[in-house]
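Summary of structural features
The residues making up each chain are set out below.
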Amino acid sequence: MSAPASFRGNKAALPSKLCVACGRVMTWRRHWAKNWAEVKYCSDACRRQKTPGG
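This report concerns the structure included in the present document.

How each quantity is defined
- Residues numbered from 1 in each chain as written.
- Predicted model: local features only at pLDDT ≥ 70, side-chain atom pairs only at ≥ 80, totals over all residues.
- Heavy atoms only, no water.
- Phe/Tyr/Trp six-rings, centres within 6.5 Å; stacked < 30°, edge-to-face > 60°.
- Lys NZ or Arg CZ within 6 Å of the ring centre and 35° of its normal.
- Salt bridge = Lys/Arg side-chain N within 4 Å of Asp/Glu carboxyl O.
- Helix = DSSP H or I, 4+ residues; strand = E, 2+ residues; numbered from the N terminus.
- Buried < 20%, exposed > 50% of the residue type's maximum accessible area, 1.4 Å probe, protein only.

**Let's talk about the packing of aromatic side chains**
- Following the criterion strictly, the structure yields one aromatic pair and no others.
- Taking NZ or CZ as reference, Lys17 lies 4.4 Å from the ring centre of Trp36, over its face.
- We note Arg29 situated over the ring of Trp32; from NZ or CZ to the ring centre the distance is 4.3 Å.

**Description of the pattern of salt bridges**
- The tally for this structure, following the rule as stated, stands at one salt bridge.
- The residue Arg47 makes a salt bridge to Asp44 at a minimum N-O spacing of 2.4 Å. Placement of both Arg47 and Asp44 in helix α1 (residues 44–49) is noted, with a separation of three residues, approximately one turn of the helix.
- Residue class for Arg47 comes out partly exposed when judged on its relative accessible area of 40%.
- We classify Asp44 as partly exposed; its relative accessible area is 47%.

Distances and angles like these do not, on their own, reveal function.
Right, dumping it as structure tokens:
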């Protein structure tokens, strides 16, 4: 899948959101292209933790 239409080599233009477990900013990745709306955690560690606020 391709990156969002606004991406033209400028990583600052990519969409981002916060991890629900640790609050870290996650930037869109090609790996997440198919399910970006469902991505909630920045890492496997946060996914296992699943508790808001660290």
